[in-house]
Amino acid sequence: MAKPHRDLVRDYRQDLRLFGSPTARAGLVAMLVGLVMLPMVVQDDFWLSVLVYVGITAVGAIGLNLLTGYCGQISLGHAFFIGAGAYVTGWVGSDLPLYLWLPAAALVGGMLGAVIGPFALRLRGHYLAIVTLGLVFIGEHLWRNWRGLTGGNSGTSINAQVALGPVDFNRVELAGEVYSRNQGYFWLVWVLVAIVALLVKNLVRTRPGRALQAVRDRDQAAEVIGVRAGRYKIGAFVVSSAIASVAGALFGSYQQFVSPDEWNLLLSIQYIAIVIVGGLGTVFGSILGAVFVGALPALIDRFGDAIPGVRTGVGGEGFISVFALNQAIFGVLIVLFLVFEPRGLAGIWLRIKAYFKSWPFSY
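Residues numbered from 1 in each chain as written. Predicted model: local features only at pLDDT ≥ 70, side-chain atom pairs only at ≥ 80, totals over all residues. Heavy atoms only, no water.

> Where do I start with the pattern of salt bridges in this structure?
Two side chains with opposite charge may pair up if their charged atoms get near one another. Taken as a whole and assessed by the stated rule, the structure comprises three salt bridges. A salt bridge links Arg 351 to Glu 341, with the nearest nitrogen and oxygen atoms 2.7 Å apart. Of this pair, Arg 351 sits in helix H15 (residues 344-358) while Glu 341 sits in the loop between helix H14 (322-340) and H15; the two residues are ten residues apart in sequence, bridging distant segments of the chain. Given the relative accessible area of 12%, Glu 341 is considered buried. (Salt bridge = Lys/Arg side-chain N within 4 Å of Asp/Glu carboxyl O. Helix = DSSP H or I, 4+ residues; strand = E, 2+ residues; numbered from the N terminus. Buried < 20%, exposed > 50% of the residue type's maximum accessible area, 1.4 Å probe, protein only.)

> I keep staring at H15 and nothing clicks. Help me out?
Three or four residues apart is the spacing at which side chains of an α-helix point the same way, because the helix has 3.6 residues per turn. For H15, built from 15 residues, the straight-helix expectation of 21 Å at 1.5 Å per residue is met to within 8% by its first-to-last C-alpha distance of 22 Å. In this structure, the buried residues of H15 make contact with helix H11 (265-278), helix H12 (283-294) and H14. (Expected span 1.5 Å × (residues − 1). Contact = heavy atoms within 4.5 Å.)

> What am I meant to see in the layout of surface pockets here?
Take a probe with the size of a water molecule and roll it over the atoms, and the empty space left behind shows itself. Reported here for the second largest pocket is a volume of approximately 710 Å³. Forming the boundary of the second largest pocket are 24 residues, of which Phe 251, Glu 262, Leu 267, Gln 270 and Pro 297 lie nearest the centre. Mapped onto the lining of the second largest pocket, the elements with two or more residues apiece are helix H2 (45-70), helix H10 (229-255), H11, helix H13 (296-303) and H14. Its residues placed into classes, the lining of the second largest pocket shows 14 nonpolar, seven polar and three charged. (1 Å grid on protein atoms, 1.4 Å probe; cavity = no way out; pocket = protein on both sides within 12 Å on 5 of 7 lines; lining within 4 Å. Points joined across faces, edges and corners; volume = space filled by probe spheres on them. Nonpolar A, V, L, I, M, F, W, Y, C, P; charged D, E, K, R; others polar.)

> Explain the confidence of the model for the protein chain to me, please; I cannot follow it from the model alone.
Low pLDDT means the predicted coordinates in that region are not meant to be read closely. The pLDDT averaged across the protein chain works out to 83; a share of 87% of its residues lies at or above 70. Scored below 50 in pLDDT, residues 7-12 makes two contacts in the model with residues more than four places away or belonging to other chains. (pLDDT = per-residue confidence, 0-100.)

> Would you explain the packing of aromatic side chains in this entry?
A ring pair, where both rings are aromatic, is described by two values, the distance of the centres and the angle of the planes. Summed over all chains, the structure comprises eleven aromatic pairs. Judged by centre distance (5.7 Å) and plane angle (20°), the ring pair of Phe 80 and Trp 143 falls under stacked. Pair noted here: Phe 80 is in helix H3 (residues 78-92) and Trp 143 is in helix H5 (residues 125-145), with a separation of 63 residues, a long-range link. Like Trp 143, Phe 80 is buried. Ring centres 5.7 Å apart and planes at 75° place the aromatic pair Phe 251 and Trp 263 in the edge-to-face group. Here Trp 263 lies in the loop between strand E6 (257-258) and H11 and Phe 251 lies in helix H10, a separation of twelve residues in the sequence. Here the two residues Phe 251 and Trp 263 agree in accessibility, since each one is buried. By way of ring pairs, the aromatic residues Tyr 53, Phe 80, Phe 81, Tyr 87, Trp 143, Tyr 185, Phe 251, Tyr 254 and Trp 263 are connected into one cluster. (Phe/Tyr/Trp six-rings, centres within 6.5 Å; stacked < 30°, edge-to-face > 60°.)

Set out below in structure tokens:
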């Protein structure tokens, strides 16, 4: 019997590689070049700060997408874990180097997730969302009254060390050039975005990742085939909470001051909007959603004067404040994408990619 030509035999090992095709490897090189060159090209502090906040938001969104998009556990308590990471950084960041206080924040967040995780064993859907919503209010009470750690309503300053060996991200010196704090933080934050994205992407491609998706789709059927749903639900909470705390640690160290008003329900809703707009169950969708949604508050705050009817200050003209406008936009985006594009921006990109891959036979 004749053997099929080797060019016709599909090498399934290519499917297991993150960057298996020449196009994917070229895209990786382009992203790395962009990561290095962008702060050198964009030197305006406002736009650099927006990109830094977007990167921090992307880290937190990847963590929430792991829990909600891949495991199917709806959480409205993401702001609690982000706040915990920020306060841990304020507590130990001035005494420990970057490579210790950042894992310390992740460890504390993971431990808190392990405490909350067992509730996921019995609850799902709206009931789980209500329980995690309670975390936000518990956190607000805790942050306002634990003055030794948080400074109470007045907030607390954070002076974390952000140096790795000879490289101080507050003032990067490279090839005889000195770069600003915003430029240094851009490199720090987006390198961490790449690391977190790579770790989560590899996690969801492994056996535990496939088990998470089986629990999301049919948890009882997953139990029948031997998947211990309880273990994976708790594990998803732990990893998601740890990543959220890393985002909070980066936020606190960059902003250098945090208050209990930062960790409210709006922040949790913002992250829900990000993962829905970006695309549930996709890592790169979390980043797309962070770029698309995460930058909106800063842009509206900066250019609110040019938007008719927006009140940018106390006593100013307009019928809607910047805060209320942000809330309205998040709500509208959630509704529109759930109704018209449930797969989010990631789904749009995948359709465009499939169209050009099959061209000229696309229809």
